[in-house]
Amino acid sequence: MKVVTTFHPASSVVDSLKFRLKDEHPSEFLVVAKSNRLDIYALLPEGLRHQQGLDIWGRVRVIRAVPVLSRSSISLLVLTDHPEPELIFLSFTVNGTGSTEITVTKYLSLSERSARPAEFCHTVLVDPSGGVAVVSAYTGKLKVVVLDQDGGYDHDFDASITELNLLDITFVSTSRDMYTLAMMHIDYQQRLQLLTRDLSIEDLQLSTLPSPLLPSLPVPGKLFSTAMDDDGTPTIIHIPSYKVDDDDFEGGILIIGGRKIMLYDFVDVETRAKRESKKKRADKKKTTGETEANAKEKGIEWKKRKARAAVEWPWAEVTAWCHVDDKRKYLIGDRYGKLALLSINLSGGTTLTLMALGETSAPTTLTYLANQVFYNGSHFGSSQLLQITTTPSFAFDAPTLPVPSTIPTISPNALNSHVSGRNTDASGYVVVGLGSYVTELESFSNLAPILDAVLIDTDGSGQNEIVTCSGGRSTGSIKVIRSGADFSEKAIVQGLGNVTHIWPLKVMYRAPDYAHIVVSTLQETHVFRFDNASSISSIDGDKNTGFITDLPTIAVSNILRRTYNAENKSDYADSSYVIQVISKGLLLLEYDPDVQQYTRIGEPWTLEKLADPGKEGLWKGREIVAASINASQVVLALNWGRVVLLTLDDKRFIKLRERNFVHNNRDAEISAVSCLPQDPAKRFALNIVVGFWTSKHVEILSLRAADGTMPTVTSSPVLPSAPRSLLLYNFTSDDSKFSNVHLLIGLTDGSIASFLYRNDQLLDQKLVSIGSLPVTMRSCRIGARQTVLACGSRTAILFWEKERLMYSPLILKDVTAAAELSTSDYPSSIVLANSDGLVFGNVNNFDKLHIRSIPLGLNNPLRITHIPALRVFAVACRYITPARIGDVEDINGSIQVFDDISFNKLGHFNLEQGEEPTSLLSFTTNSGSYLCVAAVTLEDEDTEASEGRIFILEMTSNALQVNMSVVTSYDVEGCPYALTSVNSMIAAAVNSMVIVFKMDTESGNMTMAQIATWNHNYLVTSLASRGDIILLGDAISSISMLRLEDNRLHLIARDYGPLWPTCVELMSNSTLIGANSEYNLYTFSLQDSGTRELLERDGNYFLGDLVNKFLPGTLSSQEVSLDSPMQPQQLFFTSAGLIGVIIDLADDLALDLTGLQRNLSNYIQKQEGPNHTKYRAPKNVRGRSDADASSFGFLDGDFLERFLQFVGTPQALKRIMDGQSEPEKLTISADRIQKVLESMQSMH
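All values derive from a computational prediction rather than experimental measurement. (Residues numbered from 1 in each chain as written. Predicted model: local features only at pLDDT ≥ 70, side-chain atom pairs only at ≥ 80, totals over all residues. Heavy atoms only, no water.)

Student: Is there a simple way to explain the overall build of the protein in this structure?
Tutor: Helix and strand content of the protein: 8 helices and 95 strands. The C-alpha radius of gyration of the protein comes to 37 Å, within 12% of the 33 Å expected for a compact globule of 1244 residues. The buried share of the protein, taken over its 1244 residues, is 56%. For the protein, the proportion of contacts with a sequence separation of at least 24, taken over those separated by at least 6, is 54%. Element-wise, carbon and sulfur atoms account for 47% of the exposed surface of the protein, whose accessible area totals about 52,300 Å². In the protein, the 114 positive side-chain charges and the 144 negative ones have mean positions that sit 3 Å from each other. (Helix = DSSP H or I, 4+ residues; strand = E, 2+ residues; numbered from the N terminus. Rg over C-alpha atoms; globule rule 2.2 N^0.38 Å. Buried < 20%, exposed > 50% of the residue type's maximum accessible area, 1.4 Å probe, protein only. Contact = heavy atoms within 4.5 Å. Areas by Shrake-Rupley, 256 points an atom, 1.4 Å probe, with all protein chains shown as cover. Lys, Arg positive; Asp, Glu negative; His and termini not counted. Charge placed at Lys NZ, Arg CZ, Asp CG, Glu CD.)

If you want it as structure tokens, here you go:
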């Protein structure tokens, strides 16, 4: 059983809108619709503030607000996409306290199995009066939804239309009795037609004949793109009339999306009356046979009708537009992010003025907010909050936007003279100045669409990062994704190398802030004082009267002064004492504020002074190898296995206890000790932790024994490597029960072992790696949080959250020591040591996702691979030269090489003219590093590719660049969609074939020899391999498993169902996972039927997004629990920017969580929520199949985690646990479920 969870949510924006509420503050809001979520932001003077979010179970297509002005609430309509479209009614409310709430009031299913989905126009529109909504989801019909006075659902009906190929639709005239819709469609003769029809709510239908407001009007088709995809579809906008307009303008339709923007006006009232009269006469002549002649005459007349005004559109297909507050201004953006402002003047003549503004991310939605600020939502780049400026803001010497030379333009300064002159022959102007008039105020990161990705540890630290091919059009980019705490650097002290330890010191033990730091290197010790925010001073002082600075320090700490009252009871008083521990002994110092120096109290305490009388010889030759100090105790670990507990009494060190350790009849060498109190309120510890080198284990000793011994309470099992640092740490200081005390062990192999310490037992062993160097740890209080800093190859912070121990890496490398620090200039800070010196800073956002973007612009990355030997990434890119609508776009391919740390560009290789790369595969031989590239020669989109090639690039590098040269090439008759490696050979998917190539280098030159082929499929577009097994996905059929044996491909098994796979991956030699074009996930396992092997589908699940890539592994620093029933197995990446995690479940836990998902789904559905079982059931183009009533083999991890919301609600919790009947009652406890789900949360 697999669990599907979300690591990074979908970030592609599909729609947005602005609405306002009456008499509320804030009164204006922005709604941003992503593919499966809505986010609502309040518009404030300082910017956008997130108010509310709502997950949508479906693929959001359009969102609309019902324009019913209310004091505190508004109704929103959300239309979801096929295969099971729904219209979701939402109510957004601002409460009296200022808090907001969004609730679902109704789910209206639009799904019809027998109907054909609308090809071009899948939308919902609401009339300006808020009385009716119209949905276009299927060909040949509209769903008309009548709304009540609050904007909610009243009733609905279907209205048939003859316009089968509908391109766009809008309301142009509304009343409570009759509504008029303008439609643009492609007729049966492939002509573009614009017309209006009347919608009668009383008659429950659309008028059969066009409305007299605008009878059927042919639109010049040559002005529009022939592609007619989501970008190439024209858009119609209703332009109402106002009193200031010319008398002959009574409203009209603006058409955008073609080579020209055209304004057609409605028929005037007088002409409309004539039309009505002619229509009546035509009806009377039906029996006379003159109908055909009348229709012909009518067609000829309307063909002569011209646009009232038009202006050239110099750029690519329009993808977004919005109305500006001004009555007649519109923002329009094309598919490459070129933004322009259209102004319509209808007084004293009609003029369309198109002013170039600048370039943005390729927009999918534009929403004007206020004060020249607008929101640009994008699928191919980062969404933006932008402002239009009156003067250029940058790029002052370049044209605002490029315009073809065939289109005349004027400058902004010349616009007024042209308008005032009022050239009657010119109905439109294109205004282009210098510089950009658009300024970015805020950017919202977007990973979509993710076409390819790699999971790699580039610096060998053990911390993986994801590198993706993201973006498109004008905003192609490489994204680097890492998770970890956010470290903000405040100051640096350079020139101090080889630091091993750092300790902060206070002037007095109970002082609020630290005043000094002690830094130990491999050879010596340094003491620094904080002067101000920009300066620290060295106060090493006299080595004979102050700190011992010519030797490394093992431990340093402030300590309290022990006092006695009249009853001879001891207490601890504040003091300026400091203890320094070196290998030969201890030193007691006191801070003198007058001279601002530390001075010694007495002579250093050598180990012989700690010996019992007559036993001084037993202490000779010993050295201190480890030490730990708390407020009143000092623990020393000596060589040859001795641990000593000391306390300070009247400026003298008193030995309280000692113990010698022997393992296997030999002295046990100690590697680390710790005496940190479990209760931070106490000044002493009741336990000591001791780690050993050779036995690789840890013992916890008790100090409670009255006989002065230190017996072992419990021991750890043998660890993977020797312990190097230890902490017995309570992460919640206010917990008197010590339920969160953990034993943390930093190991020499770069791992951290953790145990829960409860009732003198070590439980729940876990391991997490932070690199390969020995780990040192320091307790650290950051703000109000108790944390632990761990340093190895990289740095991690350990903290308690969601009732469990969490690990979060700091995005820092080569940190050798760390300590907490809080001064007046650096509050709640930490100090770190690296190879260059000391770094001071703050840690925030303990579990933040860090996304780094490497912009490539028009170079859209398609495929990426890592070449470890050269420490570079090779990226296959496609460059499309933007062209005006209808013009041919030039497409060129290239291979670009980037450094895997800095991402500096190191190399570039251009493919041949007209070639586009389709796949990459890197490999290394004894002679060097190579890159196999598959490329296709572009042809007509309507025909199958017939020409491609597979070639090998030899990669050679120096310090500054990587050179690439073709060493061999192989021409193929088709498109090589995918490459994979099998048994040190290359397998390529070429149209319907799989071809296996062997690299031959015996002659001194590399050649490609074809050794095996497989040609029993239709269109092989995806490949995966493991050992000698090849998994192939046939895009119009299903999947097959092959084995390469004796230079031949043999069929192992295949699935014969209509699967339509888009991406496949092998999880083992007998299990696989894949995704298909209907947004489903599926798994298969290889079964032996006795006579042959079969592929059995054991998982099917509706994800709701298109998966482009599977990767084995996980991004997070995954802890390994020795008895964990869950293990993250795969990452997957989608076109909407979602990164998901597939978690493998143990069988016993899978059964319990399956029951939990069932009960939780039933409970939420009874609360008038959506049907989760129905939503996750596998779907095809016709919706859900009767054979697949529910998903199987997968569980929805995000949905299961909603159980945690009910933990504090006993009544709801009981109903979920009990189910609807006795057989549905869960046998697993709620506490166990909570722990499992919290553990699951840490995996994504």
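Here the narrative resumes.
Student: Would you mind showing me how to read the pairing of strand β92 (residues 1139-1145) here?
Tutor: In summary, the side chains of a regular strand alternate between the two faces of the sheet. With 6 of 7 residues buried, β92 is to be regarded as a mostly interior element. The pairing of strand β1 (residues 2-8) with β92 spans 6 bridges and is antiparallel. In the strand pairing of β92, histidine 8 is matched with isoleucine 1139. The loop that links strand β91 (residues 1126-1134) with its antiparallel partner β92 comprises 4 residues; one of these, glycine 1137, has a positive phi angle of about 90°. (Pairing = 2+ DSSP bridges.)

Student: When you look at the sheet that holds strand β48 (residues 624-629) in this model, what are you seeing that I'm missing?
Tutor: Hydrogen bonds along the backbone pair up the strands of a sheet, which may run parallel or antiparallel. Strand order in the open sheet made by the 4 strands is β48-β49-β50-β51, with antiparallel pairing throughout. With partners counted over all chains shown, the strands left at the sheet margins are β48 and β51 (652-660), one partner each. Each strand axis lies, on average, 20° off the axis of its neighbour in the sheet, ignoring direction. Of the strand pairs in this sheet, strand β50 (residues 642-649) and β51 are connected by 8 bridges, and their pairing is antiparallel. When the sheet's bridge partners are listed, leucine 645 is paired in β51 with arginine 657. (Axes fitted to C-alpha atoms, helices over the stretch in contact; angles between N-to-C directions.)

Student: It is not clear to me how the packing of aromatic side chains should be interpreted in this structure. Could you clarify?
Tutor: We describe a pair of aromatic rings using the distance from one ring centre to the other and the angle between the two ring planes. Summed over all chains, the structure comprises 27 aromatic pairs. With a centroid separation of 6.0 Å and an interplanar angle of 70°, the aromatic rings of phenylalanine 171 and tyrosine 179 are classed as edge-to-face. Both residues of the pair, phenylalanine 171 and tyrosine 179, count as buried. By the ring-pair criterion, three or more aromatic residues cluster together here, those being Trp57, Phe1102, Tyr1175 and Phe1199. Above the ring of tyrosine 514, the side-chain terminus of lysine 506 is found at 5.1 Å from the ring centroid. (Phe/Tyr/Trp six-rings, centres within 6.5 Å; stacked < 30°, edge-to-face > 60°. Lys NZ or Arg CZ within 6 Å of the ring centre and 35° of its normal.)

Student: Could you clarify how one ought to interpret the nonpolar core in this entry?
Tutor: Side chains of a nonpolar character, in soluble globular proteins, are inclined to be buried together. Formed by 44 residues in total, the largest nonpolar core has its most connected members in Ile466, Ile1139, Leu1153, Leu1156 and Phe1203. For this core, the secondary-structure elements that each account for two or more residues are β1, β34 (452-456), β91, β92, α4 (1147-1166), α6 (1197-1200), α7 (1210-1218) and α8 (1230-1241). The element contributing the most residues to this core is α4, with 7 residues. Dropping the residues within four chain positions of it, isoleucine 466 is found in contact with Ala453, Val454, Leu455, Lys479, Val480, Ile481, Leu1115, Leu1131, Phe1133 and Ile1139. (Core = buried A, V, L, I, M, F, W, Y, C linked by side-chain atoms within 4.5 Å.)

Student: Just to check I follow, could you spell out the pattern of salt bridges for this structure?
Tutor: For side chains bearing opposite charge, pairing can occur when the charged atoms are close. This model, assessed by the stated rule, comprises 34 salt bridges. When the shortest N-O distance is used, the salt bridge between aspartate 15 and arginine 64 registers 3.2 Å. One end of the pair, aspartate 15, is in strand β2 (residues 13-20); the other, arginine 64, is in strand β6 (residues 60-65), with 49 residues separating them in the sequence. Using a relative accessible area of 10% as the deciding quantity, one classes aspartate 15 as buried. Note that aspartate 764 and lysine 766 form a salt bridge whose closest N and O atoms lie 3.4 Å from each other. The exposure class assigned to lysine 766 is buried, which follows from its relative accessible area of 14%. (Salt bridge = Lys/Arg side-chain N within 4 Å of Asp/Glu carboxyl O.)

Student: Just to check I follow, could you spell out the sheet that holds strand β57 (residues 712-715) for this structure?
Tutor: Read from one edge to the other, the open sheet built from 4 strands follows the order β54-β55-β56-β57, with strand pairing classed as antiparallel. The sheet is open, and its two borders are formed by β54 (670-674) and β57, each paired with just one other strand. Each strand of the sheet is rotated relative to its neighbour by a mean of 20°, with strand direction disregarded. Judged from the 3 bridges that link them, strand β56 (residues 698-702) and β57 form a sheet pairing that is antiparallel. Looking across to β57, one finds that isoleucine 700 is bridged to threonine 714.

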